[in-house]
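These are the residues of each chain, in order.
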Amino acid sequence: HPLDIFAHLMVGSEGTLGFLSEVTLHTIDDPTLKTMGMALFDSVGSSVAALPLLVDAGADAIEMLDDASLRTAKYLDNPPYDPNHIQKNSSALLFEFQKWHINEIQQLAESIPHDLSNVGGQLPLGMISDEHQRNQLWNIRKGLYPTVGSMRKKGTSVITEDLCYDYRDLPKVVNELKSICHQWQYDDAVIFGHAKDGNLHFAASIDLNTSEGEKRFEGLIQDMAELTVGKFDGSLKAEHGTGRNMASFVEYEWGGALYDIMWKIKNLADPNSILNPDVLLAKDSKIHVKNLKKMPLVSDEVDLCVECGFCEPVCPSKDLTMTPRHRIAVQREIAGGNADPSVLNKYLYDGIDTCATDGLCEMACPVNIDTGSYVKSLRQGSVSRIGKWVSIWSAKHFASTQFMVRSMLGIGKSLESLLGSTIWASIFGLLNKIGFPYHWNDKIPRVANNFSIYNGIDREVWVYFPTCLSRVFAGNDQNASIVDTLVDISKKVGISLEIPPGINAYCCGQPYSSKGYDTAAAISQEKTIDLLWQSSKHGEIPILIDTSPCTHQLRHSNATLKAETIAKLEQLNIVDIIPFLNQCIDKMNLPKLERKIVLHPTCSTEKMGHVDAFKELAEKCTEHVEIPTHWGCCGFAGDRGLIVPELNLSATSHELLDTKGLMKGYSTSRTCEVGMMSHSELNYESVAFLVKEYLNQSVN
Ligand code: SF4
Ligand code: SF4
C-alpha cells in the first residue's frame, strides 16, 4: 500500500514529513556470553583484508580505529595498552562475538588469534571475556568523541561525520580523508567506524568563531562530499541524520530526478514548509555554512560543552524548566549579547533556582561537565552581603544554628498537630505569599530525640560522624533515631562507634555550598575535617558517615580549603553507610525478611558507585528488592524541595509510578526520603532500619 511506503519514508525523514509521537521498539536478545579482542595491524589495508575472516566467523561487532584513535587511549586512567607505541598509519579492529553456549566462546577464543596472526594481526591482550576488561577496551571506542571534545580549544565546536563506502575501499578512503583533514588543518581528527558495514566516522574540533574558521569548515565539507560521492560512489550518511550539514549535497548524491521526487513528497506532506525547514532538503546550496553557531566563552566550568544533550535525561528539572544543556546554551546566548532581557529574568528561576545541584549531569556528560557546580557559582555571584554574613556566623556557631532549626521544627510540628495539617499548610501558604521562602511539607519528620553515646569496648573501633540531618530529624515514622540504630547494629557485630565530643557544632558544609555560600561551606568543612583528623587519630580509625550526600560532600570537597586541610582530608578513611552496613552483615546468614521493598539510591550513592552495593545489602536482608526503572534525582536537594516544591514533584513523578505494589522504601539520606514521601503514600526510611530488623532475627 502506498501508505506503507510513506511510513518507511517517515522513519528516515528527520521530522521533515511529520513527527513520530509514539514508537514501539521490538528488541532483540542480548546473549549472555561474550568474548572480544583488539587486533593491531600495520596499516588500514591489512586490517580491511582481515575483515572477511571475522565476518565469516560470525563476529557481531567489528569496529575499525585509525592510529590517531588508538593514541587517544593516553587520556584513559589505565589504558589497556601502551598508546605511545602505536605506529604511524597503523590501525586496529575491535571485534566481539556474542554467544549462548560456552563451547562456542571457547572455540573462538582458541581459533581467532591464530587465524588473525596468519593475516598480519596481533592481539596484544589476547581474547577477553571478563566484563570489566571488555568494558575497558570498548571505552576507547566510546571515548573518541568525548576525548576530541575535551582536548579541543575552548570556544570551538566538535563535528562528527558519518560516511559509508564499499568496505574494500576503506584503505584508500582513510588515506584520502586524512589528507583532506590535514589540508584544512583539522589535525586532531580521529577516524573510526563500523568496518564490516563500510561505515566511517570522523570526529574533529571546528572553530566557527572567525571567517577563516568558517572557510576551512566549508572546504572540509566540500572535499569530503566530492571524495565520497564523486570518487568512491559512497553515501554521505549511513546512520546519522543528513541535517543541514549535508542538505546542500543531497541532489549531488542522488541526482536531479530522485531529488525532484523527494521535493514532491515533501511538498505533499508539508505544503507550507513548516516541518524542520532546510533540514535534509534545502533550496539554498550554501545552507550548510549559514547560521553557524558560535560558542562564546562563558566559564571554564562549562566552555567545553558540545551541546550533545547526553545529560538531559538524568536532570530532575528537565520536565519543569531547563536541562543542563539549556542552562549552558542560554548562558552562551547571554554572553553573545543575543538574549532578550526577559530571558535574563526567567533564567533566575528556570536556570538557577530549579537546579538541584546534584551533579548527576556530570556522570552522563562525555566531557565531565557538572552544570550543578556551575549553577552554584552563579548562586555565589548573587548572594547578598547580609546573607553572606549570616551564613558565616551560622557556620561558625553551628551548634546554635542546629538548636534554632530543631526549635523551629519542633514548634512547626506542634502547631501542625494542634491546628491540623490543612490549616497549618494554609497559614504557611499566606506566609509564602508575603515572601517567606519555605513551604510547609507535612512529610517533614519530627525532631530527632537526643541520642545516647555508647562507650563499650569492642574488638573494632570506628569514629561515627552523625550528620546534622540525623541530629535534627527523627529517622522514621516511629520517631526512632538513626544514630541509636547504627550504634545498636554496631554493638551486635562487635564494633564500637565513637561519636566525637561536641558533635552538634559540626556539619559537612553541604547546606551552605548548595546555596552558593562558599566561605561558610569552607569554614564548616575546615572545622569538621579538623575534628575528624583528631578523633580518627590522624586517619588511623575509619570514619562512618550516615548520610550519603554528606559522605560525598566531605570526600569531594569543592570548597577552597587550606592546603594542610586538604592533606588531612586525603588521609582520612571516610566510609559511607552502605559499605559500612555491608561489612556489618557480610558474614551473617539469617533468613531474609519477607517483604517487597523499593530502594531510592541518592545521587551521591550513584556518584560514589555504590548502587550495586546498596542493592546487594537490601537483597541480603529481604526477599524482594526493586530499584525503579525511572530512578533518578528526587529534586529535594537538602531544603530546595521546601523552596521550590514543584521541582521535587516533577522529578519524582515517573519514579513513583514504578513503586506500585511495594511495601516500603529505603534510602540513605533523610531529606531524599522526605522528597520521595512528599507525593506518595509509601513510607521511606534509612536502610539502617532494615539492617537492624534483619539482625534482630539473631536475637529472636
Ligand atoms: S553538559 Fe550536557 S550538553 Fe554539554 S557536553 Fe555535557 S552532556 Fe553534552
Ligand atoms: S545539577 Fe542536577 S538539576 Fe542541575 S543541571 Fe545538573 S542534573 Fe540538572
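Residues numbered from 1 in each chain as written. Chains lettered and ligands numbered in written order. Predicted model: local features only at pLDDT ≥ 70, side-chain atom pairs only at ≥ 80, totals over all residues. Heavy atoms only, no water.

J.: How should I be thinking about the domain arrangement of the protein in this particular structure?
T.: As a measure of interface size, the accessible area lost when the parts come together is often cited. Assigned domains within the protein: domain 1 (33-142), domain 2 (154-289), domain 3 (312-381), domain 4 (400-580) and domain 5 (589-699). Using C-alpha coordinates to define each centre, domain 1 is positioned 40 Å away from domain 3. (Domains from an automatic or database assignment.)

J.: Please clarify how the nonpolar core should be interpreted in this entry.
T.: Judged by nonpolar contacts, the single largest core of 56 residues is most densely connected at Leu486, Leu497, Phe580 and Leu581. No other element matches helix α31 (residues 687-699), which puts seven residues into this core. Structurally, this core is a two-domain feature, drawing no fewer than three residues from each of domain 4 (400-580) and domain 5 (589-699). By size, the runner-up hydrophobic cluster in this structure holds 49 residues, among which are Leu116, Leu208, Leu220 and Leu236. (Core = buried A, V, L, I, M, F, W, Y, C linked by side-chain atoms within 4.5 Å. Buried < 20%, exposed > 50% of the residue type's maximum accessible area, 1.4 Å probe, protein only. Helix = DSSP H or I, 4+ residues; strand = E, 2+ residues; numbered from the N terminus.)

J.: It is not clear to me how the sheet that holds strand β12 (residues 622-626) should be interpreted in this structure. Could you clarify?
T.: The parallel open sheet is built from four strands, whose spatial order is β12-β11-β13-β14. Two strands close off the open sheet at either side, each with one partner strand: β12 and β14 (684-686). Pairs of neighbouring strands in the sheet enclose a mean axial angle of 40°, with direction left out of account. The strands touched by helix α27 (residues 611-621) within the sheet are β11 (593-599), β12 and β13 (664-667), with β12 carrying the most contacts at an inclination of about 150°. (Pairing = 2+ DSSP bridges. Axes fitted to C-alpha atoms, helices over the stretch in contact; angles between N-to-C directions. Contact = heavy atoms within 4.5 Å.)

J.: Would you mind showing me how to read the site of ligand 2 here?
T.: The environment of ligand 2 is formed by Cys315, Pro316, Pro324, Arg327, Cys355, Ala356, Thr357, Asp358, Gly359, Cys361, Thr371 and Gly372. Where the shell around ligand 2 is concerned, the elements lending two or more residues are α12 (324-335) and α15 (371-381). (Near = heavy atom within 4 Å.)

J.: Even after reading the chapter, I still don't get the pattern of salt bridges, so can you show me in this structure?
T.: Note on pairing: side chains with opposite charge can pair once their charged atoms come close. Taken as a whole and assessed by the stated rule, the structure comprises 26 salt bridges. The salt bridge involving Lys294 is made with Glu214; its shortest N-O contact spans 3.1 Å. With Lys294 in the loop between α11 (256-269) and α12 and Glu214 in helix α9 (residues 211-231), the pair connects residues that are 80 residues apart, well separated along the chain. Given a relative accessible area of 40%, Lys294 falls into the partly exposed group. On the basis of relative accessibility, which here comes to 25%, the residue Glu214 falls in the partly exposed class. Overlapping salt bridges, with partners in common, bring together Asp67, Arg71 and Lys178 in one network. (Salt bridge = Lys/Arg side-chain N within 4 Å of Asp/Glu carboxyl O.)

J.: Is there a simple way to think about the sheet that holds strand β5 (residues 190-194) in this case?
T.: Strand pairing within a sheet occurs via backbone hydrogen bonds; the two strands may be parallel or antiparallel. Spatially, the six strands line up as an open sheet ordered β1-β3-β2-β5-β6-β4, and their pairing is antiparallel. Either end of the sheet is taken by a strand with one partner, and the two such strands are β1 (33-41) and β4 (157-164). On average, each strand axis in the sheet is inclined to that of its neighbour by 20°, with strand direction left out of account. In this structure, strand β2 (residues 61-66) lies alongside β5, joined through three bridges in antiparallel fashion. Counterpart to Leu65 in the pairing with β5 is Phe192.

J.: Any chance you could explain helix α17 (residues 398-419) here in plain terms?
T.: Within an α-helix, residues lying three or four positions from one another point in the same direction, as the helix has 3.6 residues per turn. Between its terminal C-alpha atoms α17 stretches 31 Å, which fits the 32 Å expected from 22 residues at 1.5 Å a residue. Looking only at α17, the buried set comprises Phe398, Thr401, Gln402, Arg406, Leu409, Gly412, Lys413 and Glu416. The buried side chains of α17 occupy one side of the element, clustering within an arc of 130° when seen end-on. Exposed side chains of α17 directed beyond 90 degrees from the buried face belong to Phe403, Met408, Ile411 and Leu418. Buried residues along α17 sit against α16 (385-396), α18 (421-433), α19 (468-472), α21 (510-513) and α22 (518-535). (Expected span 1.5 Å × (residues − 1). Arc of directions from axis to C-beta.)

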